[in-house]
Amino acid sequence: FSSITIPEHVRKMDITIRSMLSDIMLCDPELYEGIINREKDVQRLFLVIAKAMRKGTENTSTLKTLKVSLPELVHYSSIASSLGHIANDLQRFVRCVRDGRLSKKGMAACNHIVGELQNFYLETMKALHKKDKHLAGSLAGWKTKLEEEFSELSKKNIGEHSVSAICEISKNILGSTDKLVSRVGEANL
């Protein structure tokens, strides 16, 4: 574990998710397989952090090697877990778009959803990185608004099963992103 830097692994997970969201926004079917593969990269990074968490709780000398305290390791592990869920749901989102024969209206709805998810995710990560409790507090209302909006989109596109599934997956992404908000401004981190 001597070469592992837990915050760097979390940052790599974040960067990968940002790139997944950006590529989904392009609506290019040729990028879908790459997005799905990047989810696997995020999961590999998460497994390294999970292994560090296990070893760190079993042996405190591992914490010295990792140059983190146990509360910091728990903090980063929680963030990594949420990021792993987000990446997994983004991969499911892409599979739904790829495998569902979406109309132009359905594709437009999906593109709108991804734009909203991307904005919410970026603001959440900004709050997390800057430890901005005020910004984090404002995200709760935004999450509720987006959940309602996704429910309405699902109802409007009731004939397209893929859009309904995508709306449900998007709510999961919102939930995982919202868990990151609870980590904003944790004491001494």
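What counts as what
- Residues numbered from 1 in each chain as written.
- Predicted model: local features only at pLDDT ≥ 70, side-chain atom pairs only at ≥ 80, totals over all residues.
- Heavy atoms only, no water.
- Core = buried A, V, L, I, M, F, W, Y, C linked by side-chain atoms within 4.5 Å.
- Buried < 20%, exposed > 50% of the residue type's maximum accessible area, 1.4 Å probe, protein only.
- Helix = DSSP H or I, 4+ residues; strand = E, 2+ residues; numbered from the N terminus.
- Axes fitted to C-alpha atoms, helices over the stretch in contact; angles between N-to-C directions.
- Parallel < 35°, antiparallel > 145°, perpendicular 65-115°, else oblique.
- Contact = heavy atoms within 4.5 Å.
- Nonpolar A, V, L, I, M, F, W, Y, C, P; charged D, E, K, R; others polar.
- pLDDT = per-residue confidence, 0-100.
- Salt bridge = Lys/Arg side-chain N within 4 Å of Asp/Glu carboxyl O.
- Polar contact = N/O pair within 3.5 Å; in protein donor to acceptor, adjacent residues only side chain to side chain.

(A) Molecular detail of the nonpolar core. Ranked by size, the top nonpolar core spans 55 residues in total, and within it Ile-17, Leu-83 and Phe-93 carry the most contacts. Counting only elements with at least two residues in this core, the list comes to α1 (6–25), α2 (32–58), α3 (60–66), α4 (70–99), α5 (104–130), α6 (133–156) and α7 (161–181).

(B) Broad picture of the packing of α4 against α5. At a minimum axis distance of 12 Å, the contact between α4 and α5 shows a crossing angle of 170°. In this view, α4 runs roughly antiparallel relative to α5, as classed from their interaxial angle. Where α4 approaches α5, its residues Ile-79, Leu-83, Ile-86, Phe-93 and Val-97 are matched on the opposing element by Met-107, Cys-110, Ile-113, Val-114, Tyr-121, Met-125 and Leu-128. Class assignment for the residues of the contact of α4 with α5 results in 12 nonpolar, no polar and no charged.

(C) Quick peek at the confidence of the model for the protein. Taken as a whole, the protein shows an average pLDDT of 89; of its residues, 95% reach a score of 70 or greater. The spread of mean pLDDT over the elements of the protein runs between α3, the lowest at 87, and α1, the highest at 95.

(D) The pattern of salt bridges, seen in detail. A complete count under the given rule lists 13 salt bridges for this structure. For Arg-98, the salt bridge goes to Asp-99, with nearest N and O atoms at 2.9 Å. Classification of Asp-99 as exposed rests on a relative accessible area of 51%. A salt bridge links Glu-149 to Lys-145; the shortest N-O distance between them is 3.7 Å. Here Lys-145 and Glu-149 lie together in helix α6, a separation of four residues that amounts to about one turn. Among the residues examined, Glu-149 registers a relative accessible area of 21% and is labelled partly exposed. On the accessibility criterion, Lys-145 (45% relative accessible area) is partly exposed.

(E) Region of interest: the side chain of Gln-118. Secondary-structure assignment places Gln-118 in helix α5. Taking relative accessible area as the criterion, Gln-118 reaches 15% and is therefore assigned buried. At 3.3 Å, the side chain of Gln-118 and the side chain of Ser-22 are in polar contact. The contacts of Gln-118, once residues within four sequence positions are left out, are Arg-18, Leu-21, Ser-22 and Met-25.

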